[in-house]
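Working through the structure, step by step
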4 protein chains.
Amino acid sequence: MATTQNTDVSADTNGNSENYDHLVQSADPEHPANLIPEMCRKFYNWGWVTGTGGGTSIRRGEHIFIAPSGVQKELIQSHNLFVLQYPTPKYPPSARKYIRKPLDLKPSACTPLFLAAFDRGAGCCIHTHSQWAVLVTLLVERELGKEGYFEISNIEQIKGIPRGKGKGYLDYHDTLKIPIIENTPYEEDLTEGLEKAMDANPDAYAVLVRRHGIYVWGETPAKAKTQCESLDYLFQLAVEMHKLGLPWDINRK
Amino acid sequence: MATTQNTDVSADTNGNSENYDHLVQSADPEHPANLIPEMCRKFYNWGWVTGTGGGTSIRRGEHIFIAPSGVQKELIQSHNLFVLQYPTPKYPPSARKYIRKPLDLKPSACTPLFLAAFDRGAGCCIHTHSQWAVLVTLLVERELGKEGYFEISNIEQIKGIPRGKGKGYLDYHDTLKIPIIENTPYEEDLTEGLEKAMDANPDAYAVLVRRHGIYVWGETPAKAKTQCESLDYLFQLAVEMHKLGLPWDINRK
Amino acid sequence: MATTQNTDVSADTNGNSENYDHLVQSADPEHPANLIPEMCRKFYNWGWVTGTGGGTSIRRGEHIFIAPSGVQKELIQSHNLFVLQYPTPKYPPSARKYIRKPLDLKPSACTPLFLAAFDRGAGCCIHTHSQWAVLVTLLVERELGKEGYFEISNIEQIKGIPRGKGKGYLDYHDTLKIPIIENTPYEEDLTEGLEKAMDANPDAYAVLVRRHGIYVWGETPAKAKTQCESLDYLFQLAVEMHKLGLPWDINRK
Amino acid sequence: MATTQNTDVSADTNGNSENYDHLVQSADPEHPANLIPEMCRKFYNWGWVTGTGGGTSIRRGEHIFIAPSGVQKELIQSHNLFVLQYPTPKYPPSARKYIRKPLDLKPSACTPLFLAAFDRGAGCCIHTHSQWAVLVTLLVERELGKEGYFEISNIEQIKGIPRGKGKGYLDYHDTLKIPIIENTPYEEDLTEGLEKAMDANPDAYAVLVRRHGIYVWGETPAKAKTQCESLDYLFQLAVEMHKLGLPWDINRK
């Protein structure tokens, strides 16, 4: 419920004392400074980010905009956002630094996970604690044990998920496979597992985290959001199918 | 998240270079250019068209207004709509042409399916990916196999569905029968199955698509929308009844 | 989606040609002309009156305000309301007449049922097609057969329901009993069953209708609405309890 | 639906006849007079306080602001709030007195329960009738009998709950334990049980009430609200896990 607009740029190792508020001021509704608050309000209403859970980040050129940690997601305002300088993937990680840090807020623990997606070409990355996502990770664990995949086929909404970069979208008869990684006590420690899953599944646009939620990314904010919606639709449908004794993947046999 | 208002009318084989933006500008809230965005926002909130799924189309005289493909349905604005010239059913399909095509958007793959409804007298056609619709198609398939019907009786809400053109509405004791067709990899390929089901069930105002969703139409936008709501109510109720071991159609025995 | 403000008072057997629009024009948010549209919007969002189902009526002195039949409940506006002259219960029914009838709309088929509640002192009566209400009528029917009651006890929310006129509210350990009547093909034919149930259960503020929904009334609009909310909460809880094998009424044994 | 702004300060034993309306007038959205109505609207939309159930209270210095009893929670306005003088925990309870009492409203029966939380350092206390909270108390009762705890572990959202004052937040592998007390016929009679549970579980920030709901408190309004959201998320997840046969606490064996 922070309302102060003070920003601390002391993390800027260049000693740059400039005020970076202009980075989060725009009349364009498509600007990340406006889009992140609007998206977070919708995610709150779907129950994905209640209790300060989850997070959202958008890349715009060399700037990464990130929702802060531990705040009420439906109340985020533009001036609450962190901005990270992110020259391009070819620069070393040391070139990355916060150029806007609201003094009264903490940066998101999801930041290294968002960067893992940006390093692989994403323009937006969304993290939710969706209950449907958590439930499918539990159902898969009981059936298949650790390190499995959530798999579903022959449901129209699968067509909302890309087949991989530049490969178009999945077909109706394809099996959608979402990797599941094990949760860790600290969010930032998920990075290794997430990057490993990303590298092992270079065509994936999402990774489920057991007993935790999901990371979804896309080339644009609109793609990340709609892919997140399509996946959540499929997870909820899968839980209901399980209750009704209906198999998820009729390609399997 | 397209905001440009540019339109491409190059599809107009008459070489007509007129700007057709006036077709989607109206102060009347009942005008299709205003009604489609408002309806899509509601459908999004019911979870029927998340992830860019689903679509809506309204006929007004010789003009068909259609929501574009692949966009966030809750964000559609009037200037995003396609307009198709649709002289009357007696003209050959070749007389149909887009007279307004937003340059940055794709026409809906549902278009031939919407036209199938307009050819049979509809004034509005709605396509949703409702999870309840998908689940009832799966439950019917398991019990009855392919090409069945969803049937339910003795539920008050059935009275919200017409018995057929000019025949009034179903009675409480009637059995509501909604045909189910098989899904196809490409949405446009559903047209044949949909038209076949429409012709075999001339009194139906809706066709379920297995593992996909539903097409609902009506004489007016209000009728199509409220029939869609009544059917979705019945599908959700039917899924809950199944979980509780309650039969859908007590007329059957 | 009617927007015309024309009213037909030809039903006024006094030949009174006065325009009665002033009856539905008020700046007071508590006036029935403003309260009914606001309440209907909320009921729509709870899923109680989708597909034009359900209805709401408020008595204010000698005037009964009634939402019209067959319209989208979330879009009702003040000028869509019917107004019935209702001198007092001691006058014969012939003294009742519409003094405001929107020309383009049909009066609600629930009207005689609403009047049954007003005849017994209600100030507001609400009719919903709540799926939870329908499901509990089905569960009771399977267990107990026709003409039973929905009974639940030892749930805090029971305390939101009055024990009867001037008798305060139910206690936590009491058993709430809601009569269930059988549905009829025509809504108005429910009147006899509803009145019989009202007279047999003079302390009841609600009657469930099998496979249909519920009628709830109260001394004021606020009481009717909050009692309707409390009952719906209990019905949804009861359905979930049934799924989990938890008994509704621990007073029974 | 009370709109009068009259306040009765006759309870002020000092004979102070001052008008205390200024206590509930502020342009600051973070002021309790604005925050309580906003929070109650959200709680209504989550289904936590329908039917006038539940309540919310915020402490600001020596003033306790409390939502009134028996009103529609989504309609509460600043001028409907009660204000209690609350010098500090070291003063005797006799030092506590209402300094603002809206004449047309009743003080909340939850008041002594809210004070129990404020006496232990809380800045805000929330009471909901969440159905998920009620259902987990019933499931625990069936398995473990009276006076048990709700326990869950290895779910990420657990990390939204503090480990105790000044002890940080729970870890992912910890078991969250929420005490459950038995319900009583009168809300105020819960005070003894609640205080006993608070003293026996000094690190708890919430107590479940069997067949009734939950009391959640926190150091600030934002913490109380987000902890309430996290707990409700966990209760809903736990009910769904139970339906799917998934154990809540894998630390147990």
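Calculation rules
Residues numbered from 1 in each chain as written. Chains lettered and ligands numbered in written order. Predicted model: local features only at pLDDT ≥ 70, side-chain atom pairs only at ≥ 80, totals over all residues. Heavy atoms only, no water. Helix = DSSP H or I, 4+ residues; strand = E, 2+ residues; numbered from the N terminus. Rg over C-alpha atoms; globule rule 2.2 N^0.38 Å. Buried < 20%, exposed > 50% of the residue type's maximum accessible area, 1.4 Å probe, protein only. Contact = heavy atoms within 4.5 Å. Areas by Shrake-Rupley, 256 points an atom, 1.4 Å probe, with all protein chains shown as cover. Buried area = accessible area lost by both parts, 1.4 Å probe. Salt bridge = Lys/Arg side-chain N within 4 Å of Asp/Glu carboxyl O. UniProt positions renumbered as here; feature names shortened; annotations may be inferred. Polar contact = N/O pair within 3.5 Å; in protein donor to acceptor, adjacent residues only side chain to side chain. Least-squares fit on C-alpha atoms with pLDDT ≥ 70 in both. Expected span 1.5 Å × (residues − 1). Pairing = 2+ DSSP bridges. Axes fitted to C-alpha atoms, helices over the stretch in contact; angles between N-to-C directions. Phe/Tyr/Trp six-rings, centres within 6.5 Å; stacked < 30°, edge-to-face > 60°. Disulfide = S-S within 2.5 Å.

Concerning the overall build of chain A
- A tally of helices and strands in chain A yields 5 helices and 9 strands.
- When the helices and strands of chain A are placed in sequence order, the string is α-β-β-β-β-α-β-α-β-β-α-β-β-α.
- Taking 253 residues into account, the globule formula puts the C-alpha radius of gyration at 18 Å, and chain A, at 18 Å, falls close to it.
- Principal axes of the C-alpha set define a box for chain A whose edges measure 65 × 35 × 35 Å.
- The buried share of chain A, taken over its 253 residues, is 60%.
- Relative to all contacts within chain A whose residues are 6 or more apart in sequence, the contacts with residues 24 or more apart total 64%.
- With the model as given, the accessible surface of chain A reaches about 9,400 Å², and the carbon-plus-sulfur share is 50%.

Notes on unusual backbone geometry
- In this model, T52 of chain B sits at a positive phi of 65 degrees, which is unusual for a non-glycine residue.
- Summarising the element assignment, T52 of chain B is placed in the loop between α1 (32-45) and β1 (55-60).

As for the interface of chain A and chain D
- Taken together, the 32 residues of chain A in the interface contact 28 residues of chain D.
- Of the roughly 2,700 Å² buried where chain A meets chain D, counting both sides, 57% is carbon and sulfur surface.
- If you look at where chain A meets chain D, you find 3 salt bridges.
- E74 of chain A is the partner of K225 of chain D in a salt bridge, and the nearest nitrogen-oxygen pair spans 2.6 Å.
- Among the elements of the structure, α1 (32-45), α3 (131-144) and α5 (221-243) of chain A are those that each provide at least two residues to the side of chain A that touches chain D.
- It is α3 of chain A that contributes the most residues to the side of chain A that touches chain D, 7 residues altogether.

Focus on the UniProt feature "binding site: substrate" (unreviewed entry) in chain A
Residues and elements named next belong to chain A.
- According to UniProt, the positions carrying the feature "binding site: substrate" (unreviewed entry) are C110.
- Structurally, the position occupied by C110 is in the loop between β4 (97-100) and α2 (111-119).
- Setting aside chain neighbours within four positions, we find C110 in contact with H127, E187 and Y215.

A closer look at the interface of chain C and chain B
- Taken residue by residue, the interface counts 32 residues in chain C and 28 residues in chain B.
- Where chain C abuts chain B, roughly 2,700 Å² becomes buried across the two surfaces, and 58% of that area is made up of carbon and sulfur atoms.
- At the boundary of chain C with chain B, the tally comes to 3 salt bridges.
- Across the contact surface, chain C and chain B share 18 residue pairs in polar contact (both at pLDDT 80 or more).

Some remarks on the relation of the copies chain C and chain B
- Least-squares fitting of chain C to chain B yields an RMSD of 0.0 Å, with the superposition described by an axial translation of 0.0 Å and a rotation of 90 degrees. Such values leave the two copies arranged in the relation of a four-fold axis. Minimal C-alpha distance to the rotation axis in chain C is attained by K243 of chain C, lying at 5.6 Å.
- Here only 3% of the contact residues of chain C are again contact residues in chain B; the copies associate through non-equivalent surfaces.

What to know about the UniProt feature "binding site: Zn(2+)" (unreviewed entry) in chain A
- The residues that UniProt annotates with the feature "binding site: Zn(2+)" (unreviewed entry) are H127, H129 and H212 of chain A. Considering the C-alpha atoms alone, the annotated residues occupy 86 residues of sequence yet fold into one spot, their largest mutual distance being 10.0 Å.
- Position of H127 of chain A relative to the elements: it lies in strand β5 (residues 124-128).
- Only 3.1 Å separates the side chain of H127 of chain A from the side chain of E187 of chain A, close enough to count as a polar contact.
- With respect to the helices, strands and loops of the structure, H212 of chain A is situated in the loop between β8 (206-209) and β9 (213-218).
- Take H212 of chain A: its relative accessible area is 1%, and that puts it in the buried class.
- H212 of chain A has contacts with H127, T128, H129, V134, N183, E187 and L190 of chain A together with E156 and Y233 of chain D, leaving out every residue within four places of it along the chain.

What about α3 of chain A?
- Spanning 14 residues, α3 of chain A covers 20 Å between terminal C-alpha atoms, matching the ideal 20 Å at 1.5 Å per step.
- Burial analysis of α3 of chain A places 11 of its 14 residues in the buried class, the great majority of the element.
- Taken residue by residue, α3 of chain A has Q131, W132, A133, V134, L135, V136, T137, L138, L139, V140 and E141 of chain A as its buried positions.
- Looking at the buried positions of α3 of chain A, the neighbouring elements they touch are β6 (149-153), β7 (175-181), β8, β9 and α5 of chain A together with α5 (221-243) of chain D.
- Measuring from the backbone nitrogen of W132 of chain A back to the side-chain oxygen at the start of α3 of chain A gives 3.2 Å, which picks out S130 of chain A as the cap.
- Two residues or fewer after α3 of chain A comes G145 of chain A, characterised by a positive phi angle close to 80 degrees.

Focus on the relation of the copies chain A and chain D
- By a simple turn and slide, chain A fits onto chain D: the slide is 0.0 Å along the axis, the RMSD is 0.0 Å, and the turn is 90 degrees.
- When you check the interface residues of chain A against chain D, a mere 3% turn up at the interface there too, and the two sides of the contact use different surfaces.

Looking at the sheet that holds strand β2 (residues 63-66) of chain D
Residue and element names in this part refer to chain D.
- Strand order across the open sheet formed by 9 strands is β4-β3-β2-β1-β5-β9-β8-β7-β6, with mixed pairing between neighbours. Each end of this open sheet is capped by a strand with a single partner; those strands are β4 (97-100) and β6 (149-153). Strand-to-strand twist across the sheet, computed as the mean angle between neighbouring axes with direction ignored, equals 20 degrees.
- Strand direction decides the pairing type here: strand β3 (residues 82-85) and β4, joined by 3 bridges, are antiparallel. Paired with Q85 across the two strands is K97, which belongs to β4.
- Lying over the sheet, helix α1 (residues 32-45) contacts β1 (55-60), β2 and β5 (124-128), oriented at roughly 155 degrees with respect to β1.
- Packing of helix α4 (residues 190-200) onto the sheet brings it into contact with β7 (175-181), β8 (206-209) and β9 (213-218), and relative to β7 it is tilted by some 155 degrees.

As for the packing of aromatic side chains
Residue and element names in this part refer to chain D.
- For the coordinates displayed, the defined rule picks out 28 aromatic pairs over all chains.
- On the numbers, 6.1 Å between centres and 65 degrees between planes, the contact of F114 with Y215 is edge-to-face. Of this pair, F114 sits in helix α2 (residues 111-119) while Y215 is found in strand β9, placing the two residues 101 residues apart along the sequence.
- Between F150 and F235, the aromatic rings sit 5.1 Å apart at their centres with planes inclined by 75 degrees, giving edge-to-face as the arrangement. Here F150, found in strand β6, pairs with F235, found in helix α5; they are 85 residues apart in sequence, far enough to count as distant.

Focus: the state of the cysteines
Residue and element names in this part refer to chain A.
- In this structure the tally under the stated criterion is 0 disulfides over all chains.
- Of all cysteine sulfurs, the one in C125 lies closest to C110, which takes part in no disulfide; the gap is 8.4 Å.
- Residue C110 is classed as buried on the basis of its relative accessible area of 5%.

As for the environment of V24 of chain A
All names here are of chain A.
- Here V24 lies in the segment before α1.
- Remark: the alpha-carbon pair of V24 and S78, spanning 54 residues in sequence, is separated by 5.7 Å.
- With near-sequence residues (within four places) excluded, V24 lies in contact with A33, F65, S78, H79, L81, V83 and R100.

What about the side chain of S108 of chain B?
All names here are of chain B.
- Within the fold, S108 resides in the loop between β4 (97-100) and α2 (111-119).
- On the accessibility criterion, S108 (10% relative accessible area) is buried.
- Within the structure, S108 has its side chain in polar contact with the backbone nitrogen of C110 (distance 3.0 Å).
- Not counting the four nearest positions on each side in its chain, S108 is found in contact with I66, A67, S69 and F114.

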